[in-house]
Amino acid sequence: MIEETDFKAAMRIIIGSYEPVLWSEKLTPFEILVSVVISQATERRGNIRAFKNLKNHFMITPANFSEMDEGELAELIKPAGLHRNKAKKLKETAEVIMTEYEGDLAKIFEPISSAKEKLVVLPGVGVKTADVMLALVGGVGLLPVDTHIARIAKRLPLVDAKASYEEIKAAYERWTPPKERPSLHMALIEHGRDVCKSRRPRCEICPIRTYCGRVGLT
């Protein structure tokens, strides 16, 4: 397992290599949720195209989603894949927000202590999506784990190969101060997409290859 000093050195290099930009800064809480849901199990290009389709069609609000025909919504987000299932979940979630939170997703975060249990019961929102919302909307110092971040953790190795979502998140957070977690989260995703890929990782150009337990393995 990687030592604390090596982990911190490697993460500093990752953040410095990608200079991550927080993509959510100019979006509403509901727009962030929609973007996260349609990004599930899809590539970034598909997610971006689907979100642009929505933005070009109407304002992304719970009211508009709850009133929209589910089939039409599915067509708009088709580039993201699994579009029928995602459209169904997003429409159902919008309806819950309209009926239980007066059409304002931000109300779920009041108080912040109960926000996660309210988020995870929304259609299409699991633990990881809830953590992303808590970090980006609620300002909670979490480091949500996606497939890229989990892969990097297991290759370093920061955790063992069978580590759960919560174990991986706890391992990252143990040695990462809360204020650094948003930047590290974004940088790790970029590193996983561009270099530490699932298939044919580009180890020869990896900026943290000297810290990685995978170097020299097949």
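Residues numbered from 1 in each chain as written. Predicted model: local features only at pLDDT ≥ 70, side-chain atom pairs only at ≥ 80, totals over all residues. Heavy atoms only, no water.

Some remarks on the overall build of the chain
Heads up, the condition is: For helices the rule is a DSSP run of H or I covering at least 4 residues; for strands it is a run of E covering at least 2, with both sets numbered from the N terminus onward. Atoms considered for the radius of gyration are the C-alpha atoms alone. The globule rule reads 2.2 Å times the number of residues to the power 0.38. Under the scheme applied here, a residue whose accessible area is under 20% of the maximum for its type counts as buried, over 50% as exposed, and between as partly exposed, the area being computed with a 1.4 Å probe on protein chains only. Only heavy atoms enter the contact rule, under which two residues are in contact if any of them lie within 4.5 Å. To measure how exposed things are, a 1.4 Å probe is used in the Shrake-Rupley method; for residues, cover is taken only from the protein chains shown. Neither His nor the chain termini are counted; the positive set is Lys and Arg, and the negative set is Asp and Glu. Working definition for charges: the position is that of NZ of Lys, CZ of Arg, CG of Asp or CD of Glu.
Assigned secondary structure in the chain consists of 11 helices and 0 strands. Counted from the first residue to the last, the chain has its helices and strands arranged as α-α-α-α-α-α-α-α-α-α-α. Taken over the C-alpha trace, the chain has a radius of gyration of 18 Å; the compact-globule value for 218 residues is 17 Å, and the two agree within 12%. C-alpha atoms of the chain, sized along the principal axes, occupy 55 × 35 × 30 Å. Across the 218 residues in the chain, those meeting the buried criterion constitute 45%. When contacts within the chain are restricted to residue pairs at least 6 apart in sequence, those whose partners lie at least 24 apart make up 61%. Taken as a whole, the chain presents about 11400 Å² of accessible surface, with 51% of it coming from carbon and sulfur. Charge separation in the chain, taken as the distance between the mean sites of 33 positive and 29 negative side-chain charges, equals 7 Å.

Examining a nonpolar patch on the surface
As a reminder of what qualifies: Surface patches are defined over residues having more than 30% relative accessible area and no salt bridge, joining like charges when they lie within 9 Å and nonpolar side chains (Val, Leu, Ile, Met, Phe, Trp, Tyr) when within 5 Å. By definition here, a salt bridge exists when the distance from a side-chain nitrogen of Lys or Arg to a carboxyl oxygen of Asp or Glu is within 4 Å.
Taken together, the side chains of V120, V121 and V127 make up a nonpolar region of the molecular surface, amounting to roughly 230 Å² of accessible area. Assessed through its relative accessible area of 33%, V120 is described here as partly exposed.

Some points on the nonpolar core
Here is the rule we go by: In this text, buried Ala, Val, Leu, Ile, Met, Phe, Trp, Tyr and Cys residues form a nonpolar core when linked through side-chain atoms within 4.5 Å.
Of all hydrophobic cores here, the largest spans 36 residues; its most connected members are F30, V34, L54, F65 and L119. Going through the elements one at a time, helix 2 (29-38), helix 3 (44-57), helix 5 (70-76), helix 6 (83-100), helix 7 (115-119) and helix 8 (127-136) are the ones with two or more residues in this core. Of the residues forming this core, the biggest block, 7 residues, is contributed by helix 2. Among all residues touching F65, those that are not within four sequence positions of it are F30, V34, L54, F58, I60, L73, L90, K91 and A94. Core analysis: the next-biggest nonpolar cluster, separate from the first, contains 27 residues, I2, A163, Y172 and V195 among them.

Description of the side chain of T176
If you trace the backbone, T176 turns up in the loop between helix 10 (165-174) and helix 11 (181-194). Taking the relative accessible area as the measure of exposure, T176 reaches 5% and is therefore buried. Those residues within four positions of T176 in sequence are excluded, and the remaining contacts are F7, R181 and L184.

Some words on the state of the cysteines
Counted only if it meets this: Note that a disulfide, as used here, is simply two cysteine sulfur atoms within 2.5 Å.
Scanning the entire structure with this criterion turns up 0 disulfides. For the unlinked cysteine C206, the closest cysteine sulfur is that of C212, found at 6.3 Å. With relative accessibility at 14%, the residue C206 sits in the buried group. The thiol sulfur of C212 is not disulfide-bonded, and the nearest other cysteine sulfur, from C196, lies at 6.2 Å.

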